[in-house]
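Structural features, examined
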Amino acid sequence: MTDLTHVIDQSKPSIARVYDYLLGGKDNFAVDRTIGDHFKNNLPGSVAIASTNRQALIRAVRDLARGGVRQFVDLGSGLPTADNVHQVARRHTPDAKVVYIDNDPIVLAHGRALLATDTDTTVFQADLRDPRTIREHREVVEMIDFDQPVAVIFSAILHHLNDDEDPAAVVRYWSDQLVAGSTVYISHFRSGGNRETAVAEEKLQSTFGRGRWRTDAEIEALFGDLEILEPGIVPCVSWRPDLTAADPDERELTIWEQLIVTGLARKG
């Protein structure tokens, strides 16, 4: 990261870098680790929010690719991890095309380094709140054929938009661009009506100056008229889990596992 220190503001935490730290990554600064350590030390168990969210996304991309989806637009993609969307998709669909978008310059730098020789994957920096500019961006136009099914991903990003930024309108814009058979994936912090929720949400807002956890009904409303697929909107850990013979069919989820939910919806 030393080549980026002259362009990255190390005095302010980054959502992408805090998330990277919670997942065990190394692409973060002291200010990010301070926030991450708050969750690790003062809210024990909260790191499960990051890990179960990531695992649900991996399962969703896997299922979509197995079902024949070959195009993915990942909005708010964050820093590269061991199982990126394009890597998971290509295990099942070798010709999958993926566009990553994030507003953090360090994501752009690392993503471009990782994808330098990959002609079917690209990454660029943009603002989620300006979907038209993203849709009309040269790299999207060249990479994604919107006359064919596309999977649009909002993984743990819409809760960083305030109500007055109308996250439902952002989802609706992308839904309107899609043909039948396309899908929208959303994971989102969920209001739990308990102390843990209130403390974690307050930390999010005080750190980044934005964001709101939403109720089940509010999260469902983000999908608009799309058909929400089985098993509905459920905690990430419970979304199409890969159970083995040793796993119990049901267990009581921790408070933290209940605080991030996900859903996949299809355009008819």
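Residues numbered from 1 in each chain as written. Predicted model: local features only at pLDDT ≥ 70, side-chain atom pairs only at ≥ 80, totals over all residues. Heavy atoms only, no water.

Take the overall build of the protein chain next. In terms of helices and strands, the protein chain carries 11 helices and eight strands. With the C-alpha coordinates of the protein chain rotated into their principal frame, the extents come out at 50 × 50 × 40 Å. With 268 residues in all, the protein chain has 50% of them scored as buried. Considering only contacts in the protein chain between residues 6 or more positions apart, those separated by 24 or more positions represent 70%. Surface summary for the protein chain: the accessible area is close to 12,400 Å², and the carbon and sulfur share equals 48%. The protein chain carries 29 positive and 41 negative side-chain charges, and their two centres are separated by 2 Å. (Helix = DSSP H or I, 4+ residues; strand = E, 2+ residues; numbered from the N terminus. Buried < 20%, exposed > 50% of the residue type's maximum accessible area, 1.4 Å probe, protein only. Contact = heavy atoms within 4.5 Å. Areas by Shrake-Rupley, 256 points an atom, 1.4 Å probe, with all protein chains shown as cover. Lys, Arg positive; Asp, Glu negative; His and termini not counted. Charge placed at Lys NZ, Arg CZ, Asp CG, Glu CD.)

Considering only enclosed or pocket space, the largest pocket measures out at about 990 Å³ in volume. Together, 45 residues line the largest pocket, and Ser14, Ile15, Ala16, Ile157 and His160 are the ones closest to its centre. Taken together, the elements giving at least two residues each to the lining of the largest pocket come down to α1 (15-22), α2 (30-42), α3 (48-66), β2 (97-102) and α9 (195-208). (1 Å grid on protein atoms, 1.4 Å probe; cavity = no way out; pocket = protein on both sides within 12 Å on 5 of 7 lines; lining within 4 Å. Points joined across faces, edges and corners; volume = space filled by probe spheres on them.)

The subject of this paragraph is the side chain of Asp74. Secondary-structure assignment places Asp74 in strand β1 (residues 71-75). Among buried charged residues, Asp74 stands out as having no salt bridge; its nearest opposite-charge side chain is Arg54, 5.7 Å away. Discounting chain neighbours no more than four positions away, the residues touching Asp74 are Val85, Val99, Tyr100, Ile101 and Ile153. (Salt bridge = Lys/Arg side-chain N within 4 Å of Asp/Glu carboxyl O.)

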